[in-house]
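Chain and residue survey
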Amino acid sequence: ILLLNRVMSKPKAKLFNDGFYKTIMVEPMLLMFIDTPQFQRLRDIKQLGFGSFVYPSANHTRFEHSIGTAYLAGELLKHLSDRNPEVFRSVSHKDIQCVKLAGLLHDLGHGPFSHTWEMAINETQKDNVFHHEDVSVAMIDYLIAENFSSLEETGLDEDDVLFVKELINPRNSKTSSRGGRKELHFLYQIISNSETGCDVDKWDYLNRDAFHAGVETSFDYKRLIFNAEVVEHEGVTHVAFRDNAVPNLIQMFETRRAMHQQVYQHRVAKQIERLFVQAIAKLADQFTTRSLKDPSVRLPLLSAHTRMDVFMGLDDSILQRLFLDGPEAARALIGDIRNRKLGHLIDECFVNHENLQKLEYKRLEREFLRKVRDSGEKCCVWFSTQKTDFGMKDKNPLSDVVLFSKEGKTFYMSENAEYIEHVTPRKIQEHKLVVYADEKPRDLNRVRDILTKFMKSKSISLVASSPASSKRRLEFSNEHSAFNRSEEEHGAKRASKNQ
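The notes below deal with the structure included here. Note that this is a predicted model, so its numbers are computed, not measured.

The rules behind the values
The residue numbers shown here count from 1 along each chain, following its written sequence. The predicted origin of the model limits local features to residues at a pLDDT of at least 70 and limits the giving and counting of side-chain atom pairs to 80 or more, whereas totals for whole chains, interfaces and linings rest on all residues. By convention in this description, side-chain values take in all heavy atoms of the structure and omit both hydrogens and water. Numbering goes from the N terminus for both helices and strands, where a helix is a DSSP run of H or I of at least four residues and a strand is a run of E of at least two. Type-normalised accessible area, obtained with a 1.4 Å probe on protein chains alone, sets the label of each residue: buried when under 20%, exposed when over 50%, and partly exposed for intermediate values. Between two residues, a contact is recorded if the distance between any of their heavy atoms is within 4.5 Å. Method for areas: the Shrake-Rupley scheme with a 1.4 Å probe, in which residue coverage is limited to the protein chains shown. Any two strands with at least two DSSP-identified bridges between them are counted as paired. Each reported salt bridge corresponds to a side-chain nitrogen of Lys or Arg within 4 Å of a carboxyl oxygen of Asp or Glu. Residue count minus one, scaled by 1.5 Å, sets the expected span of a helix. Angles here are taken between N-to-C directions and fall from 0 to 180 degrees, while the axes themselves are lines fitted to C-alpha atoms, restricted in helices to the stretch in contact. What makes a nonpolar core is a set of buried Ala, Val, Leu, Ile, Met, Phe, Trp, Tyr and Cys residues whose side-chain atoms join them at distances within 4.5 Å.

1. Here we look at the overall build of the protein chain
- A count of helices and strands for the protein chain gives 19 helices and 12 strands.
- Relative to its full complement of 499 residues, the protein chain shows a buried share of 52%.
- Put simply, 71% of the contacts in the protein chain that link residues at least 6 apart link residues at least 24 apart.
- Put simply, the protein chain shows about 24,300 Å² of open surface, and 49% of that area lies on carbon and sulfur atoms.

Shown next, in the form of structure tokens:
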């Protein structure tokens, strides 16, 4: 009777209407985790952080992205099992459930405004590093402890939970029973692929973010699924792709870079992020937040992620809380965000300097500010740096993608280096420098000229980031050269007359 009651009380599968995928089915085990406060909290964390301040319709949240990732994981697994039934003889139903669950829970550890919170904590708390993947893993334990009388009630055991955590953060050492099984290696490439970055998490967020921002994408995730198979290469299994799907793989990475340039690192959103980080820095230990479980427990806001019952209370509503109850300095900065009192763009350009690190930018920023002040300008200037790549810094992740031919031959894409060089950009990683001022300078062109000469003195060449910027630089350079020639000619005439 007890067993029957437990079976009867479990939720049935439900149909969800997803904005991007339309109708999707969510199975009972996933529903058990969705219907918990820890997962429902994701409804109040915007996927794009402050991106909605630039793209008004981009108000989607981590909640629907997480469900979408679990759905795509199921679609890919279903296709792979149809194509490779012999491989899936070694894959249990529980293994498949764990992969889907990892897709569902992979973003539990995000703080307010998603990656913005991670950046704010890491820039203001040097000794208290925050990685949302680590907090996601901790939140899984908290979710299970708070919502289920025993682990058995979830249908999982301790090894299953460990496997889910490994799938979310595969860079960590694999200590579950699946971790050492080479025939299951491909399962670690589905949610968070640390080898190539080609995974269903990326497929969902690129399509979903572009859809809500109103930006066109150029890669087809369905074609990638259709052209995927499990192959054994160099002793372990991989999610491999048919060699004729390479153009679509390249489009996926190009889409990622384009989204960073156009959406994720939009210059207005970056200005708002800067104000928010400054507001967080003003808090120190003055602003505390309480545990949702025990109101007597309070932690400084910047340490909330160290205790899950406190971190549970953090979502995007923190912006309003700080505006109403934060220290005066923080309230002023939040007020600037709400009233869109943002900085003025001085210039933006690509930086041809491979080894320019963040600390160098800060030092250069201070030196450049002194140069601007010496010119008579009173505005405050600052740098924002943007890096766009294929997801692995200056490495080309396509090199490690395993391909298979029509004849069944398997190989790393790097084995055809000449082809990779031909079809991918010459520079995988680009550094962009954006310079702002708190108010419009009296002579904007003069400040731009100071920037160009200052960077040149540091042996750092600037490349215009747009045709308009290039034209503006050329026109000012010509004007400046003409002015100098005129002054030189006038001076020569005066000297001749005096002689």
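2. Regarding the pairing of strand S2 (residues 22-26)
- Note: strand S1 (residues 14-18) against S2, 5 bridges, orientation antiparallel. Residue pairing across strands places Leu15 opposite Met25, the latter belonging to S2.

3. Side note on the pattern of salt bridges
- Applying the stated rule across the entire model yields 24 salt bridges.
- Here Lys94 and Asp160 are joined by a salt bridge, their closest N and O atoms 2.9 Å apart. Taken together, the residues span a long stretch of sequence, with Lys94 in helix H5 (residues 93-105) and Asp160 in helix H8 (residues 158-168) at a distance of 66 residues.
- A residue is classified by how much of its surface remains accessible, and Lys94, at 29% relative accessible area, is partly exposed.
- On the basis of relative accessibility, which here comes to 2%, the residue Asp160 falls in the buried class.
- In this structure, Asp204 and Arg208 form a salt bridge, with 3.0 Å as the shortest nitrogen-oxygen distance. In this pair, Asp204 and Arg208 both sit in helix H9 (residues 200-213), 4 residues apart, roughly one turn of the helix.
- We classify Arg208 as buried; its relative accessible area is 1%.

4. Things to note about the side chain of Asn227
- Tracing the backbone through its elements, the reader meets Asn227 in the loop between helix H10 (221-226) and strand S3 (228-233).
- If sequence neighbours within four positions are ignored, Asn227 has contacts with Ala240, Phe241, Arg242, Asn244, Ala245 and Phe404.

5. Structural notes on the environment of Ser52
- Along the chain, the position of Ser52 falls in the loop between helix H3 (37-40) and helix H4 (62-83).
- As a C-alpha pair, Ser52 and Ala269 span 217 residues in sequence and 8.5 Å in three-dimensional space.
- Here Ser52 is in contact with Lys46, Ala58 and Asn59, once residues within four sequence places are set aside.

6. Overview of the pairing of strand S4 (residues 236-242)
- The element S4 is largely enclosed, with a buried count of 6 among its 7 residues.
- Where S3 and S4 come together, 6 bridges link them in antiparallel fashion. Paired with Val230 across the two strands is Val239, which belongs to S4.
- Across 2 bridges, the pairing between S4 and strand S9 (residues 402-404) is parallel. Across the sheet, Arg242 pairs through a bridge with Phe404, a residue of S9.

7. Side note on helix H12 (residues 267-281)
- Between the first and last C-alpha of H12 there are 21 Å, a value that for 15 residues agrees with the 21 Å anticipated at 1.5 Å per step.
- The element H12 is largely enclosed, with a buried count of 11 among its 15 residues.
- Turning to H12, its buried residues number three or more, namely Val268, Ala269, Lys270, Gln271, Ile272, Glu273, Leu275, Phe276, Val277, Ala279 and Ile280.

8. Here's the deal with the sheet that holds S3
- The mixed open sheet is built from 4 strands, whose spatial order is S3-S4-S9-S10. The open sheet is flanked by S3 and strand S10 (410-412), the only strands paired with a single partner. Strand-to-strand, the axes of this sheet are offset by a mean angle of 45 degrees, without reference to chain direction.

9. Looking at the nonpolar core
- Ranked by size, the top nonpolar core spans 118 residues in total, and within it Phe33, Leu104, Ile190, Trp203, Phe241 and Phe276 carry the most contacts.
- No other element matches the 9 residues that H4 contributes to this core.
- Those residues within four positions of Phe276 in sequence are excluded, and the remaining contacts are Phe50, Phe113, Thr116, Trp117, Ile318, Leu319, Ile334 and Ile337.
- Membership of the second largest hydrophobic core comes to 21 residues, among which are Ile346, Tyr361, Leu364 and Leu451.

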